[in-house]
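Observations on the three-dimensional arrangement
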Amino acid sequence: MGLLQNITKRMPSSGLPSLDDFSKRKNRITPRLAFFRRRIRLRGNSSISIPLGVVLLFPCIVIILILVLFLRHPSSPGRILMPAGAPPSIRKISEQHDRVFATGCLDPHTQNKGERANAAFVVLARNKELEGVIQSVKSIERHFNRWFHYPYVFLNDGEFNSTFKETVMNYTSAPVEFGQIDPSMWGFPEWTDAKVAKEGIAVQGDAAIMYGGMESYHHMCRFYSGFFYKHKLLEKYEWYWRLEPEIKYFCDITYDPFQYMASANKTYGFTIAVKELKETVPNIFRYASAYKRKNNLQSKGLWEMFIESPPEDPKPLPKDDPKYKPPLPDELRKIEPNAGGVNEVDPETMEGEKYNMCHFWSNFEIARLDWFRSKEYEEFFDMMDRSGGFWMERWGDAPIHSLAAGALLSPSDIHYFRDFGYRHTTIQHCPANAPSRQLPREPFLEKTTSDEKKRREEDEYWESWDPEKENGVGCRCRCDTDIVDVEGKQGSCLAEWVEVAGGWASP
């Protein structure tokens, strides 16, 4: 025992710490943390208490979050302190048939010095849609028409009241005309049985087809398909820009798209291409294809945008493959079902082609009116109209315009306004801003807002536009963030357009 004690005393003091050492250290640290462990009551007589450390930590977290948000804001001077990173690039489209008219911002005061095109905005609306019309007019005035002052033509199947007219005219300094649609352009034509047509519409309503049970919607689609360009107020115009109630523009348009369309010899312009609901147009392609065959029309390269790609034939297996099956003898092929050389017919195909449901979303379109007025388009519309599809099905003007373009036009006749930020209902396209192509923005204090503070707040909102990105094309765009851009969603037809336009120019 004595020997063990001597050994213990002789052990070097620099060895492992003893339990006494840990106890002493704990006693030294605990008093320092005890302050933060003190609990404070929420109220004087409350039984609920919170550690003081939690109370002190919460405002620190809030301050850190505020600093992070400040540094990440696009207009923040502190943003240069953040790592640049590599934002996801945007793919460029081949310029073989079409190209963006302007990348980034141009000087609108230089651009508007030239001669104006013979063009107008066309708005189909009713008195009850006044608020939605105001939203649309305010948006297009802020982002484009405050510089270019193109006129508006408002059309209604009824009569516009004085409140509608006076209110609309307060929101623009451009000329405004109001017109009523002739009954011959709206409603059931004389050559159709109105009772049968109404029954067809009722059946669609019972089947819960979107807008299928709304008679006025069918009239609207037919009007925009074959009559709007014949209205007496539009007879004098060569170009039109369709404007819908309750739409939004996100980017400044600092050039005249009518003049650029004319210079590039374009006929039709779009900003969104999506797929139609199949149940609304089950037979539309059969009639469009029949028109093409009847007139012996050969595709100019655009028709393929609306055709479903045929499935690739599987490569024949080599004879030594375990899955290889030798062909049936001729004697058996004659009696074997579906093996006699006659392929099963797909009821949805026409001339071996099948509609992929793609169409240019026509609630925004800029187009030459003389194309709609042409003999070829008129014949196309008349054939589609006489089929009864506007009543017995719910054919929209978008697939009508698109299939007519596919049959009559080429990709070089079409322009994709990829630089236009646009939203209607829950579908939007909003481009990224072009790097090093942004210009300072002029304030636009909307005159009909009487509250000066609200006027300035609304304008200041557009002062902080979105960050620039590689291959971006927009000018001072600020996009809504509650929904995903249509280009990245299922149902977009961007890939189909790119294929006929020449393919992708960047990976």
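Every chain's residues receive numbers from 1 upward, in the order its sequence appears when written. Since the coordinates come from a predicted model, pLDDT governs what is reported: local features require at least 70, and pairs of side-chain atoms require 80 or more to be given and counted, while whole-chain, interface and lining totals use all residues. To obtain the side-chain values, all non-hydrogen atoms of the structure were used and water was disregarded.

**Observations regarding the packing of aromatic side chains**
The rule is short: rings of Phe, Tyr and Trp, with Trp giving its six-membered ring, pair when the centres are within 6.5 Å, and they are stacked under 30 degrees, edge-to-face over 60, tilted in between. This model, assessed by the stated rule, comprises 56 aromatic pairs. Ring geometry for Phe285 and Tyr355: centres 5.7 Å apart, planes at 10°, overall stacked. Separated by 70 residues along the polypeptide, Phe285 in helix H10 (residues 284-294) and Tyr355 in the loop between strand S11 (353-354) and strand S12 (358-360) bring together distant segments of the chain. When the ring of Trp371 is compared with that of Tyr377, the centres are 5.1 Å apart and the planes differ by 55°; the resulting orientation is tilted. Here's how the labels work: a residue is buried when its accessible area is under 20% of the maximum for its type, exposed when over 50%, partly exposed in between, all with a 1.4 Å probe on protein chains only. Trp371 gets classed as buried once you look at its relative accessible area, which sits at 8%. Helix and strand definitions here come from DSSP, where helices need a minimum of 4 consecutive H or I residues and strands a minimum of 2 consecutive E residues; each element is numbered from the N-terminal end.

**Points about unusual backbone geometry**
One non-glycine residue, His149, lies in the positive phi region at around 55°. Looking at where His149 falls in the secondary structure, it is placed in the loop between helix H5 (130-148) and strand S4 (152-156).

**Observations concerning the sheet that holds strand S16 (residues 427-429)**
Being paired, for any two strands, means DSSP has found at least two bridges between them. The strand order across the open sheet formed by three strands is S7-S15-S16, and the pairing between neighbours is antiparallel. At either margin of the open sheet sits one strand with a lone partner, and together these are strand S7 (247-249) and S16. Between one strand and the next, the sheet's axes are offset by a mean angle of 10°, whatever the strand orientation. Sheet topology note: the S7/strand S15 (residues 422-424) ladder contains three bridges and is antiparallel. Each residue of the ladder has a partner; that of Ile247, found in S15, is His424. Under this scheme, a helix contributes an axis fitted over its contacting stretch, all axes are lines through C-alpha atoms, and angles between N-to-C directions fall in the 0 to 180 degree range.

**A closer look at the sheet that holds strand S8 (residues 268-270)**
Read across the open sheet, the seven strands follow the order S5-S4-S3-S6-S13-S8-S14; overall the sheet is mixed. Whereas interior strands pair on both sides, the edge strands pair on one side only; in this sheet they are strand S5 (176-180) and strand S14 (414-416). Each neighbouring strand pair of the sheet contributes to a mean axis angle of 25°, computed without reference to strand direction. Examined bridge by bridge, strand S6 (residues 239-243) and strand S13 (residues 366-368) share three bridges and lie antiparallel to one another. Within the sheet, the bridge partner assigned to Trp239 lies in S13 and is Arg368. Sheet strands touched by helix H8 (residues 215-226): strand S3 (119-124), S4 and S6. Its angle to S3, the strand with the most contacts, is close to 165°. We call two residues in contact when some of their heavy atoms are within 4.5 Å.

**A word on the state of the cysteines**
The definition used for a disulfide is geometric: two cysteine sulfur atoms within 2.5 Å. This structure, assessed with the given rule, holds four disulfides. The disulfide that involves Cys105 links it to Cys475, with 2.0 Å between the sulfurs. Taking the torsion about the sulfur-sulfur bond, which here is approximately 100°, the covalent link between Cys105 and Cys475 counts as right-handed. Placement of the pair is Cys105 in the loop between helix H3 (52-72) and helix H4 (108-111) and Cys475 in the loop between helix H16 (452-461) and helix H17 (494-501), with a sequence separation of 370 residues. Judged by its relative accessible area of 9%, Cys105 is buried. Overall, Cys475 belongs to the buried group, its relative accessible area being 2%. A sulfur-sulfur separation of 2.0 Å characterises the disulfide bridge that pairs Cys251 with Cys477.

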